[in-house]
Structure formats: structure tokens, C-alpha cells
Amino acid sequence: MNSYLDFEKPIAEIEGKIRELRHLSGDGGLNIVEEVARLQGKVDRTLRQTYARLTPWQKALVARHPERPHCLDYVAALVQDFTPLAGDRKFGEDRAVIGGLGRFRGRAIMLIGQEKGRDTAERVTHNFGMPNPEGYRKAVRLMRLAERFGLPVVTLVDTPGAYPGIGAEERGQAEAIARSIETCLDLRVPIVSIVIGEGGSGGAIALATANKVLMLEHAIYSVISPEGCASILWRSAEHAQEAAEALKLTSEDLLKLGVIDEIIGEPLGGAHRAPADAISSVGEALERSLSELRGVAGGDLRSRRRQKVLAIGQKTLG
Amino acid sequence: MSWLERFARPKVRALFRKDDIPEKLWEKCPACEQMIFHRELEAQMRVCPHCGHHMRIDARTRLSQLFDDGAFQTIELPAVPVDPLRFRDRKRYPDRLREAQGASTLADAIIVAHGKLGGHQTVIAASEFSFMGGSMGMAVGEALVAAARLATLQEAPLIVIPASGGARMQEGVLSLVQMARTTVAIEELREAGLPYIVVLTDPTTGGVTASFAMIGDIAIAEPGAMIGFAGARVIEETIRQQLPAGFQKAEYLLDHGMLDMVVHRHKLRETLTRVIDLLMTAPRSADVVAYPRTGLDIPAQPRA
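### Some remarks on the overall build of chain B
Broken down by element type, chain B carries twelve helices and nine strands. Going through the 304 residues of chain B one by one, you find that 52% of them count as buried. Contacts in chain B between residues far apart in sequence, at least 24 positions, make up 68% of those at least 6 positions apart.

Below is the structure:
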């Protein structure tokens, strides 16, 4: 654990003390076990209290936490024989979107996900998880491939949004997203989407139109980023906290609104504190969803998916 | 002429009569800044006679320019939950909504109408940009679903004429979901073997472009219309570069293969009529019979 979010300062202080104690005891052989246990208990209590009532804005910060597990971490831990497939066959290869064949709990799947990258070099390679049109066209190509071979499609959503650039516009960013949504709605194989971090607007829904949409507890999913919304409606990005509140972008709100089907609980203090645990919870939830959809006829999968999408909006926050 | 039409037409006409009283006699072209006499401007369908600039027009005017004799019937927009998120920025969303409704006499940012176009029964859904920037929330999404179903019911082509800033932020993720909902509606129309024509007008951006607006069987745009996904300011701030001349204009999109044609407003009605004539001549084949069954094509099944 290296980076703490602003609101995690009290936790950082206690953990700093623990580190100090350990350091001191290393020299003098002091018995610190009791004191460390006491402090650790305090850390857990503080974490539990803090994370039980994160504000929507704090959730946005957690969802974007640099140490939060990313798409490739899930692939490494959950997918065997992962065989990345590249390119849209039209223009290029977009590394903001990872795609490939692999085996999940023994069964072949097609995995498609957005990857933000970990360090600076990786972030540049993956364009900070902001796909160009090629990323969505690759996704469409891989979804069709999966359909031909009867493989379920699993998508991992984690993007600030589709990339706003000159080339992206020239090559039809809007059209690429629209076709990706269209393909999601047309497929005759199961699609399960998991919002693992940031579900940024059209760039996210392009891959999140699915039979089952799952979402990690502290992930966010929104029509616009809180900063973007604030700068338009409040005329200043400084109102991002209020915008986050108003947008109802938390997993809890989205479940109430019927936009997602299930919340996957995160380890105490967020997925970044115990990535392995978070990844394994995602694995369990994914297995449950895939087995529910296994054996359902292709046409039914498609019509149920469409019915589900059309039914959204019947539930409101009241 | 049936009694229904006799009854309906004068009513439709009466709606436009109030527009005949000009608020100002002369109007300045926002592009070339020349003054244009209001009668001239109306006769030119609000295209500048000096520079050809296509001014924005409201949805009703648009519909009356397209349907035969300017006659059409609108449908009541399906009811949707109002303010599902209880959204409040500097103003309450219901207040913004009421203001827009009062100013426009519309329920939301779209009109769905049906009537004859070049003799063909046609359904047209047109955005009202002056209503909260033509933004798409649940009402607009539901109106498009209704428009597609009406077209299917009438075995008519569907023309959609967007003019929209994108998704309506005040309805949060529920407006985002309209991107998928409207796409379902278009897929259903397509499977019924009916044409889906989009006429992109100034401006069409964001979640509207990235869903129903960009999947037309035929994609037409008006000259000079701004069409894109991201806003120009957002792009400039992201890449810190000047944008090329004509960026995101209809002609630019045409050059980049994103549109079938850019059509002058004076030619729009005849172009739409011709396209519909050509697409609707062959006996219609719905999706279920579109592909000859060979007995070998087994629908895809998820492999156990």
C-alpha cells in the first residue's frame, strides 16, 4: 500500500505508526505484538467506518485508485490459456481494449475489456483506458467471432470514456460505439459485463449492454464524469462533489434503478487493499452469471437481453 | 378525403398560422451577417439566400417542410417517470423541464409524426433543439421506441432527424441507457424489413450520435451541420492542438466516409421521396424470410 486517498489520511497515520513500530522493534527486539494488534484493530475499524459511508465523490476516487486491479490483473488471475487477439481489420490495433480467447473455470470464453495501464509507460500504451474507434470495432469483431463458435462473451468495463481526439472523430468514434451497442444487442451468445472501475459514459455502455451487468461495490457508472457534469451545469469543475452526488453513479443507486443486476462486494477498504480477494469475488460472481445463462437458446438470449434493456426505467429512486 | 382528414387538416394548419406573424421583419444571417427579409427567409426554408447557410429550424417547421402539403399527425409522447433521480444542480430539474415545456408547448425534446411523404406513409421523429438542447432522456428514448413501433405497425419507413447535444445529464445513467434502448427499437424496425433513414442536422453530438443517429440505413446530413461524438472544446483541451478547418462539419464527415450524402434543405424532401421510392419498391422481406433456409444453418448455441 503506497498511495492513500485524501479521505484515507487517518488510516495512513495509523499504518505509519505500525510501520514505525516494526522498524524500531527490528533494532531492539521490543515486544510490539500487542501494540501492533491494537493499532491494526483501529485501522480495520476506521476502514470499516469510512468505507461503509463513502460519498459518491469518494467512490469516484476509489474507482480510479491507481492500485485498483485492472482488466489485465483479472485476466492473469481468472483466465487460463489467455490468447490475446489484436486489431479491428480496418485500421489499427487499439490497446485500450484488450480482447482474446481464454478459458474461465475450464470453459472457453471471449474476454473483452478496457485497460488503463499501471505505470506511465503502460498508461500511454493503453491510452489511459480511453478507446479509439478501433477498440470498439475490434470488440465488434471479437463478439461476432465468439458468436460463430458459441462462446460466451465477458466484458470488463473500466474507462474514463471514449477518447476525444481528431483522428477518433474522423474515423467515426460515434459510429463505432453505436455499432458496438448494436452488436451487443444482436448476439446469440451470453454476454456478461462487469464494471470493475470507472464506467465512463458511451465509452462504457458500448461494452456494457449485456444479459447480466455486474458492478463492483465501489465502482462508478455514469452518463458523464462528475467533473464534466460540474463544468457544464455548475460552470466549474470544482463542483464535482455535488455533481457526483446528483448523478446517482454508485452501484447501490444503479441497482435500485435496475441498470445493473448485481453488486459484487469489495474487500474491506476497497479492491486496491486486497486485489486478490476482489478478483476472486469477481470470479465467483462471473461463474454464477455464466452458469445461469448456460444452455439458454441463442434467440432467447438475444430477446431477453433486448427486453431487459427496454424495461430499464420502470424502477426509479422514488 | 375522409371525414377524419377534413377534420384534422384545418387543425394542423391552424397550428402554423401563428408562426405567420413575424416577430421581426428582418433577420441577420449568423454566417454572412447579411440582413434577410422574413418572407424571403421563410420562402427559402430558412436557408440564407446570400451564403447558403442552413439556419436551425424547429421540429414543427421541419415536419411541415417534409410531409406532403405540410400535413401530418403527431402522436402523444408516451409517459415516463419525471425526474427519476431527483436531480438538482443550480436549479431543480423539474423546473428546467417546466420552463422548456412552457417555452415550446412540447412535452419533451422531440416530435413524432406520421403522414404521407411523396405519397408513402412515413413516420418522422424530429428533435427540438430549443428544448434543453434536444437532449435525450427517458422521454426522447421512449418516443423513439414508439416511433419505430408505429412505423412497424404502419409498414412505413422511419425517418429520424436529430438535433441534439447528446444525453440529458439530469437523468444520469437512465439517459445513457437510452443509447441501448433506441438501438433495440431500430433493430426491431430493421428486422421488420423497413428502411431507417437519418437526417443529421446542426448540431448532433454525444450519446445521440453514438447510438441511433449513426446507424441509419441511409445517412443524410444538412450542409454545414456540426456532427461529432466529443465536443470541439473537449477535444482541444485534451490534445492541446488546433482543430482542422471544417472539423466535424457535415462535409468533413462525408469526406471521411461517415455519411451517404449532404443534401441542401431545398432538395431534402425530393431526396427522401426518391430514396423511399427506391427502397420500398421490392416486395418487403422481413428478417425471418430474408435468408433462404438450407437446412444446414443451425442457430448459434452457447457451447456447454
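### Observations concerning the packing of aromatic side chains
All names here are of chain B. In this structure the tally under the stated criterion is four aromatic pairs over all chains. For the ring pair F247 and Y252, a centre distance of 5.6 Å and an interplane angle of 80° mean the geometry is edge-to-face. Of the two residues examined, F247 and Y252, each falls in the buried class.

### Remarks on the confidence of the model for chain B
Residue and element names in this part refer to chain B. With 86% of its residues at a pLDDT of at least 70, chain B reaches an overall mean of 89. Contacts from residues 288-300, a stretch scored under 50 in pLDDT, to residues over four places away or in other chains number four contacts. Among the prediction metrics, the complex's ipTM stands at 0.93, with pTM recorded as 0.91.

### Brief notes about the sheet that holds strand 6 (residues 158-161) of chain B
Residues and elements named next belong to chain B. One open sheet accounts for seven strands, arranged 3-4-5-6-7-8-9; its pairing is mixed. In the strand order of this sheet, the two ends are held by strand 3 (73-74) and strand 9 (261-262), each with one partner. Bridge count for strand 5 (residues 120-127) against strand 6 is four bridges, and the pairing is parallel. Following the sheet pairing, I124 is matched in strand 6 by I159. Running at roughly 160° to strand 5, helix 3 (residues 59-66) makes contact with strand 3, strand 4 (110-117), strand 5 and strand 6 of the sheet.

### Some remarks on helix 7 (residues 178-191) of chain B
Residue and element names in this part refer to chain B. With 14 residues, helix 7 extends 20 Å between its outermost C-alpha atoms, agreeing within 8% with the 20 Å of an ideal straight helix rising 1.5 Å per residue. Within helix 7, eleven of the 14 residues are buried, which leaves it mostly tucked inside the rest of the structure. Along helix 7, the residues classified as buried are Q178, M179, A180, R181, T182, T183, V184, A185, I186, E187 and L189. Count one or two residues on from helix 7 and you reach G193, which has phi positive near 80°.

### Focus on the interface of chain A and chain B
Each side of the interface is counted separately: chain A has 59 residues, and chain B has 57 residues. Note on chain A versus chain B: buried area summed over both sides is about 4,900 Å², and carbon and sulfur give 68% of it. Applying the counting rule to chain A against chain B returns three salt bridges. R190 of chain B is paired through a salt bridge with E182 of chain A; the nearest N and O atoms lie 2.3 Å apart. Along the contact surface separating chain A from chain B lie twelve residue pairs in polar contact (both at pLDDT 80 or more).

### Concerning the packing of helix 8 (residues 173-186) of chain A against helix 7 of chain B
Packing of helix 8 of chain A against helix 7 of chain B brings their axes to within 10 Å, and their N-to-C directions diverge by 65°. Our classification of the angle between helix 8 of chain A and helix 7 of chain B gives roughly perpendicular. The hand of the helix 8 of chain A/helix 7 of chain B crossing is right-handed. Taken together, the residues of helix 7 of chain B that come into contact with helix 8 of chain A (itself represented by I177, R179, I181, E182, L185 and D186 of chain A) are M179, A180, T183, V184, E187, R190 and E191 of chain B. For the contact of helix 8 of chain A with helix 7 of chain B, the residue count by class is six nonpolar, one polar and six charged.

### Brief notes about the pairing of strand 2 (residues 97-104) of chain A
Residues and elements named next belong to chain A. Strand 2 sits mainly inside the fold: six of its eight residues count as buried. Bridge analysis of strand 1 (residues 79-84) against strand 2 gives four bridges, and the strand direction is antiparallel. Residue pairing across strands places Q80 opposite R103, the latter belonging to strand 2.

### Some thoughts on the environment of P203 of chain B
All names here are of chain B. Mapped onto the secondary structure, P203 falls in the loop between strand 7 (196-200) and helix 8 (206-209). Sequence separation between P203 and G257 is 54 residues; the distance between their C-alpha atoms is 19 Å. Those residues in contact with P203 that lie beyond four places of it in its chain are R56, F129, A163, S164 and M226.

### Description of the domain arrangement of chain A
Residue and element names in this part refer to chain A. Partitioning chain A into domains gives domain 1 (6-53) and domain 2 (60-311). Between the C-alpha centres of domain 1 and domain 2 there is a distance of 35 Å. At the interface, nine residues of domain 1 touch nine residues of domain 2. Summed over both partners, the interface of domain 1 with domain 2 comes to about 670 Å²; 64% of that surface belongs to carbon and sulfur atoms. Area buried by domain 1 at its contact with domain 2 is led by F7, L47 and Y51, which between them contribute 64% of it. Taken together, the links from domain 1 to domain 2 amount to one salt bridge. R273 is the partner of E15 in a salt bridge, and the nearest nitrogen-oxygen pair spans 2.9 Å. Summed over the shared surface of domain 1 and domain 2, the result is three residue pairs in polar contact (both at pLDDT 80 or more). Sorting the residues of the side of domain 1 that touches domain 2 by element identifies helix 1 (9-28) and helix 2 (33-52) as the ones contributing at least two each. It is helix 2 that contributes the most residues to the side of domain 1 that touches domain 2, five residues altogether. For the side of domain 1 that touches domain 2, the residue count by class is five nonpolar, no polar and four charged.

### Some words on the nonpolar core
In terms of nonpolar packing, the biggest core is built from 169 residues, with Y221 of chain A together with L158 of chain B touching the most fellow members. The leading source of residues in this core is helix 5 (residues 138-154) of chain B, at nine residues. Not counting the four nearest positions on each side in its chain, L158 of chain B is found in contact with V123, A147, A148, A151, I186, L189, P195, Y196 and I197 of chain B.

### Side note on unusual backbone geometry
Across the junction of D202 of chain B and P203 of chain B, the peptide omega takes the value -15°, indicating a cis bond. The residue F128 of chain A is not glycine, and still its phi comes out positive at about 55°. Here F128 of chain A is to be found in the loop between helix 5 (120-125) and helix 6 (133-148). Exposure remark for F128 of chain A: the relative accessible area of 39% places this residue in the partly exposed category. In this structure, E33 of chain B takes a positive phi of about 65° despite not being glycine. By the element assignment, E33 of chain B lies in the loop between strand 1 (26-28) and strand 2 (35-37). The exposure class assigned to E33 of chain B is exposed, which follows from its relative accessible area of 54%.

Each value, and the rule that gives it
Residues numbered from 1 in each chain as written. Chains lettered and ligands numbered in written order. Predicted model: local features only at pLDDT ≥ 70, side-chain atom pairs only at ≥ 80, totals over all residues. Heavy atoms only, no water. Helix = DSSP H or I, 4+ residues; strand = E, 2+ residues; numbered from the N terminus. Buried < 20%, exposed > 50% of the residue type's maximum accessible area, 1.4 Å probe, protein only. Contact = heavy atoms within 4.5 Å. Phe/Tyr/Trp six-rings, centres within 6.5 Å; stacked < 30°, edge-to-face > 60°. pLDDT = per-residue confidence, 0-100. Pairing = 2+ DSSP bridges. Axes fitted to C-alpha atoms, helices over the stretch in contact; angles between N-to-C directions. Expected span 1.5 Å × (residues − 1). Buried area = accessible area lost by both parts, 1.4 Å probe. Salt bridge = Lys/Arg side-chain N within 4 Å of Asp/Glu carboxyl O. Polar contact = N/O pair within 3.5 Å; in protein donor to acceptor, adjacent residues only side chain to side chain. Parallel < 35°, antiparallel > 145°, perpendicular 65-115°, else oblique. Left-handed = near helix turned anticlockwise from the far one by under 90°. Nonpolar A, V, L, I, M, F, W, Y, C, P; charged D, E, K, R; others polar. Domains from an automatic or database assignment. Core = buried A, V, L, I, M, F, W, Y, C linked by side-chain atoms within 4.5 Å.

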